[in-house]
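Coordinate analysis (summary)
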Amino acid sequence: MSNLKTQAIFFSPTNTTLKIITTITDALKFEKLQDFNLTFPSKREMVNIGADADILVFGAPVYGGKVPSMVIPAIENMIGNNRWIVPIAVYGNARLGNALSEMVYLFREQGFRILAAASFIGEHSFTSNDFKLAENRPDFDDLKSARSFGHEIKRKIEYSPLEIHTIAQKTDLSNIERKNK
Ligand SMILES: Cc1cc2nc3c(=O)[nH]c(=O)nc-3n(C[C@H](O)[C@H](O)[C@H](O)COP(=O)(O)O)c2cc1C
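Overview of the structure. It should be emphasised that the depicted structure is a prediction, and the values quoted were computed from it without experimental measurement. (Residues numbered from 1 in each chain as written. Predicted model: local features only at pLDDT ≥ 70, side-chain atom pairs only at ≥ 80, totals over all residues. Heavy atoms only, no water.)

Around the ligand sit 22 residues in total, of which Ser-12, Thr-14, Thr-16, Thr-17 and Glu-123 are the nearest. Side-chain polar atom of Thr-16 to an oxygen atom of the ligand: 2.6 Å apart, as the coordinates give it. Contact between the ligand and Ala-94: an oxygen atom at 2.9 Å from a main-chain N or O atom of the residue. For the ligand, whose free accessible area comes to 650 Å², the fraction covered by protein is 87%. Listing elements by their share of the shell around the ligand, those giving two or more residues are helix H1 (16-28) and strand E5 (84-91). (Near = heavy atom within 4 Å. Polar contact = N/O pair within 3.5 Å; in protein donor to acceptor, adjacent residues only side chain to side chain. Areas by Shrake-Rupley, 256 points an atom, 1.4 Å probe, with all protein chains shown as cover. Helix = DSSP H or I, 4+ residues; strand = E, 2+ residues; numbered from the N terminus.)

Written out as structure tokens, the structure is:
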């Protein structure tokens with residue numbers, strides 16, 4: 001198992017998803033391929049994104065309770081070939097909505113196996129002097145939680161690599177559970 005390759009793939013205009021995804025991927029401590037940043041439109045047009053990794057950690061923010069529409073064509077360009085993926089939804093502590101289960105559904109359609117899935121909180125993109133939501137998140141504790149989630153995923157792939165089957169409303173990993181603060 002030690003020669004597995006991982007890759008962080010994310011859409012992250014204000015960098016909160018990037019922080020969570022790279023923290024989780026680093027914690028896996030497998031060979032790490034170069035991060036793939038879907039924020040750049042030209043990257044989203046590429047076919048078979050993430051083709052060289054055995055385990056993908058994929059993150060997108062929640063927009064209107066859903067996966068951002070501009071991310072969906074990139075997901076539809078990915079080819080799972082039965083490989084593992086960990087979908088992560090990052091939301092501004094307003095509403096997670098269906099984003100996480102939507103991502104799980106989309107990746108299954110592409111032929112991926114879902115190893116784990118989770119939601120994390122990031123500062124709401126609309127935060128300003130007058131409107132503050134989840135300010136400065138992810139904070140120290142969020143990143144600590146992301147790291148330990150990565151460690152749990154590593155244990156799972158090494159000792160009980162089973163696909164998850166259900167998605168609870170907020171977060172689900174079947175045998176890895178993570179609660180939002
Ligand atoms: C257009 C738009 C819609 C959003 N909709 C939601 C939402 O429905 N629920 C929520 O909690 N946060 C929502 N957010 C906040 C983002 O999910 C949150 O700030 C996230 O951390 C941004 O990720 P990023 O820093 O990787 O871009 C929205 C942000 C934008 C720009």
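As a further point, take the nonpolar core. Most often, soluble globular proteins have nonpolar side chains that are buried together. Counting residues in each nonpolar core, the largest one holds 32 residues, and the members touching the most others are Ile-9, Leu-38, Phe-58, Met-78, Ile-85 and Phe-107. Put simply, the parts of the chain that give this core at least two residues each are strand E4 (55-61), helix H3 (72-76), E5 and helix H4 (99-109). In terms of residues, this core owes the most to one element, H4, which gives 6 residues. Among the nonpolar cores identified, the runner-up in size contains 22 residues, and Ile-20, Ile-21, Val-86 and Phe-120 belong to it. (Core = buried A, V, L, I, M, F, W, Y, C linked by side-chain atoms within 4.5 Å. Buried < 20%, exposed > 50% of the residue type's maximum accessible area, 1.4 Å probe, protein only.)

On to the packing of aromatic side chains. Under the defined criterion, the tally for this structure stands at 4 aromatic pairs. Taken together, a centroid distance of 6.0 Å and an interplanar angle of 65 degrees make the contact between Phe-120 and Phe-149 edge-to-face. One end of the pair, Phe-120, is in strand E7 (residues 118-121); the other, Phe-149, is in helix H5 (residues 140-159), and 29 residues separate them in sequence. You can call Phe-149 buried: its relative accessible area is 0%. Three or more aromatic residues joined by ring pairs make a cluster, and in this case those are Phe-58, Phe-107 and Phe-112. Here the basic side chain of Arg-113 rests over the ring of Trp-84, its NZ or CZ set 4.0 Å away from the ring centre. When the ring centre of Phe-30 is taken as reference, the NZ or CZ atom of Lys-154 above it lies at 3.8 Å. (Phe/Tyr/Trp six-rings, centres within 6.5 Å; stacked < 30°, edge-to-face > 60°. Lys NZ or Arg CZ within 6 Å of the ring centre and 35° of its normal.)

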